[in-house]
Amino acid sequence: MARHIFITGGVVSSLGKGLMAASLAALLQARGFKVRIRKFDPYLNVDPGTMSPYQHGEVYVTDDGAETDLDLGHYERFTGVSAHQGDNITSGRIYRDIIAKERRGDYLGATVQVIPHVTDAIKDFAQADTDDLDFVLCEIGGTVGDIEGLPFVEAMRQLRNELGREQSCFVHVTLVPYIAAAGELKTKPTQHSVRELTGLGIQPDVLLCRCERPLPDSERAKIALFCNVRREAVIPALDAPNIYHVPLQYHGEGLDAAVLHHFGIESADPDLTRWQDIADRYDHPEGEVTIGVVGKYVGLPDAYKSLNEALVHGGMANRVKVNIRWIDAEIFEQGDSEIAAALEPMHGILVPGGFGERGTEGKIAAVRFARERGVPFFGICLGMQMACVEGARSVGIAKAGSTEFGQTEEPVVGIITEWMSKDGLQKRAKGGDLGGTMRLGAYPASLSPNSHVAAIYGTEQISERHRHRYEVNVAYRDALEEGGLIFSGMSPDGLLPEIVERPEHPFFVGVQFHPELKSKPFDPHPLFSGFIGAALQQARLV
Ligand code: GLN
């Protein structure tokens, strides 16, 4: 049976619990164990699909089409374990399911309560499909003491009671702040946070103490004493130079050793060559490129988390540093001089995914600049759709547009109401619910032999993750191809355009899916490696 590791956070939010969970899982994996990470989100949204990227960061999509918290992206990038629907749950989903059961009469008239009904649902979720695993790591979102988080903490407490100490471990992540006026690191917030947790019936087994300065031994001993934790299980976690160092650093501080000691497991040292190579590639680039990302949610880097990571991975593959310039597409609606000023210094231009009309004319202008100037271009989802609108306009279809932005005489991008998936024909109503009406998750695509993308992928059959409502209209294929924009990737039935490219251009690729979701530091996505490689060529030219 899988052992459970529960990860909670205290003192403040944004301590990097997700990264910590991902790093611990990676370290256990490097010792040969089979791991999976799950995220419990206490908020009442059913899933993050309808949450604003400004507030919540990107929505991470899994192969099986779940719209999940962006922490699942960290988990996948650090472990390579493909996440699925069953790895992310919210209070909203749990309550929705329980209320649906109650309405059906499934509870046979019983009073439906947080304990046992909600806590049982949480426990079932934590334990589902874990038979073939050595460890399942469960991260609870938010901070201990949050009202919404209480049922989750309670469910963990019950699980500990049921599974026993040998099968469960509590890791609590806290902050040890540095108070400049006193010149000291302060352990009191950690003590309070642990007291709060013990008040809820949970004694942590391992404490991960985030700190800006090295934690003196005396303070470590003090935390151990007051928090009732072994001294070796108080792990100081200094800010790392970058995220790729985190697994190495936490290993150096003894995190994985403390967890294994708790379970009484003896294990050989982990093989960390993968992480050493990644850190080395990041720390010692042999050149640099600058990429302009022309988007809408440029104010909040988390809105494009996976994209940001995938660009860095593309840099690692080429051993270069990638400087990312986030450019608000709306500034291009002012005129050509703004476009040239902003984009001339770029070695590559990327138009990412997005929703809604705002900024789209600016994105189209950026595509035109890239096409006319021969600058490497990569369009993702909405970026591909805008590349097709731009392509149509360039061959004289002046009114080319997308029905996402209202009525248009030339719907180069339009809504589809029926499409095939591996589960059969999918249908949706034109004005359906906002949540759950998109083409979501992994779909296969066939690439044209001899196309640029087939060469980049090294295969003609691919599978990539989708999250969109609109599609490029295949009725415009001939017109666009005559203008040099070739449909080089299609759905297997030939109806849905998946990839467009310009063979005459150094690198001009638009994809309907989100390749950034599958890129990993130790396995950079070929399209990102190819794009950064082309940007490097461009940097050598200018
Ligand atoms: N808004 C577009 C659509 O729904 C593109 C979505 C995206 O870029 N993820 O089709």
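Here is what the cut-offs are and how they apply
- Residues numbered from 1 in each chain as written.
- Predicted model: local features only at pLDDT ≥ 70, side-chain atom pairs only at ≥ 80, totals over all residues.
- Heavy atoms only, no water.
- UniProt positions renumbered as here; feature names shortened; annotations may be inferred.
- Pairing = 2+ DSSP bridges.
- Helix = DSSP H or I, 4+ residues; strand = E, 2+ residues; numbered from the N terminus.
- Axes fitted to C-alpha atoms, helices over the stretch in contact; angles between N-to-C directions.
- Contact = heavy atoms within 4.5 Å.
- Salt bridge = Lys/Arg side-chain N within 4 Å of Asp/Glu carboxyl O.
- Buried < 20%, exposed > 50% of the residue type's maximum accessible area, 1.4 Å probe, protein only.
- 1 Å grid on protein atoms, 1.4 Å probe; cavity = no way out; pocket = protein on both sides within 12 Å on 5 of 7 lines; lining within 4 Å.
- Polar contact = N/O pair within 3.5 Å; in protein donor to acceptor, adjacent residues only side chain to side chain.
- Phe/Tyr/Trp six-rings, centres within 6.5 Å; stacked < 30°, edge-to-face > 60°.
- Lys NZ or Arg CZ within 6 Å of the ring centre and 35° of its normal.

By the naming in an unreviewed UniProt entry, the protein is CTP synthase, taken from Novosphingobium indicum. The UniProt entry for the protein carries the following comment under Function (unreviewed entry): "Catalyzes the ATP-dependent amination of UTP to CTP with either L-glutamine or ammonia as the source of nitrogen. Regulates intracellular CTP levels through interactions with the four ribonucleotide triphosphates." You can read under Sequence similarities (unreviewed entry) in the UniProt record for the protein the words "Belongs to the CTP synthase family."

Enquirer: Got a sec to walk through the sheet that holds strand S14 (residues 348-351)? Specific residues and values, please.
Expert: Across the sheet, nine strands lie side by side as S13-S12-S14-S15-S25-S24-S23-S20-S21; this open sheet has mixed pairing. Each end of this open sheet is capped by a strand with a single partner; those strands are strand S13 (321-328) and strand S21 (461-468). Pairwise comparison of adjacent strand axes, ignoring direction, gives a mean angle of 25° for this sheet. Sheet analysis places strand S15 (residues 377-380) next to strand S25 (residues 508-511), joined by four bridges and oriented parallel. By the bridge assignment, Phe377 is partnered in S25 with Phe508. Helix-sheet contacts for helix H15 (residues 382-394) involve S14, S15, S21, strand S24 (497-501) and S25, and the interaxial angle to S15 is about 115°.

Enquirer: I'd like a description of the pattern of salt bridges, backed by residues and values.
Expert: All chains considered together, the criterion is met by 35 salt bridges. Between Glu409 and Lys399 there is a salt bridge, and its shortest N-O distance comes to 3.4 Å. Of this pair, Glu409 sits in the loop between strand S16 (400-402) and strand S17 (410-415) while Lys399 sits in the loop between H15 and S16, and the two are ten residues apart along the sequence. The residues Glu409 and Lys399 share a single accessibility class, namely exposed. Glu481 serves as the salt-bridge partner of Arg477, at 3.2 Å between the closest nitrogen and oxygen. Taken as a pair, Arg477 and Glu481 lie in helix H17 (residues 477-482) at a separation of four residues, close to a single helical turn.

Enquirer: Tell me about the UniProt feature "binding site: Mg(2+)" (unreviewed entry) in the protein, and name the residues and values.
Expert: Annotation from UniProt places "binding site: Mg(2+)" (unreviewed entry) at Asp71 and Glu139. Maximum C-alpha separation among the annotated residues is 9.5 Å over a sequence range of 69 residues, consistent with a single clustered spot. Those annotated residues lining the largest pocket are, specifically, Asp71 and Glu139. When its relative accessible area of 11% is taken as the criterion, Asp71 is described as buried. Beyond its immediate chain neighbours, meaning those up to four positions away, Asp71 contacts Gly18, Lys39 and Glu139. A polar side-chain atom of Asp71 sits 3.0 Å from a polar atom in the side chain of Lys39. By the element assignment, Glu139 lies in strand S6 (residues 135-140).

Enquirer: An account of the UniProt feature "binding site: L-glutamine" (unreviewed entry) in the protein is requested, with residue identities and associated values reported.
Expert: Within this numbering scheme, the UniProt entry marks Tyr54, Gly354, Leu382, Gly383, Met384, Gln385, Glu404 and Arg469 as carrying the feature "binding site: L-glutamine" (unreviewed entry). Within the annotated group, the residues that form the lining of the largest pocket are Tyr54. With respect to the helices and strands, Tyr54 occurs in helix H2 (residues 53-56). The residues contacting Tyr54, other than those within four sequence positions of it, are Lys296, Tyr297, Leu300 and Arg358. You can see Met384 is positioned in helix H15.

Enquirer: Help me get a handle on the packing of aromatic side chains, residues and values and all.
Expert: Using the criterion set out here, one finds 14 aromatic pairs in the structure. Pairing Phe78 with Trp275 gives two aromatic rings, centres 4.8 Å apart and planes at 45°, and the pair type is tilted. You can see Phe78 sitting in helix H3 (residues 71-79) and its partner Trp275 sitting in helix H11 (residues 273-283), a full 197 residues away along the chain. Among the residues examined, Trp275 registers a relative accessible area of 2% and is labelled buried. With centroids separated by 6.2 Å and ring planes inclined at 80°, the aromatic side chains of Trp275 and Phe522 adopt a geometry described as edge-to-face. Remark: Phe522 occurs in the loop between S25 and helix H18 (526-541) and Trp275 occurs in helix H11; sequence separation between them is 247 residues. For Phe522, a relative accessible area of 24% gives the class partly exposed. In this structure, Arg274 is placed above the aromatic ring of Phe522, and the distance from its NZ or CZ to the ring centre is 3.6 Å. Positioned above the aromatic ring of Tyr443, the side-chain terminus of Arg439 is 4.9 Å from the ring centre.

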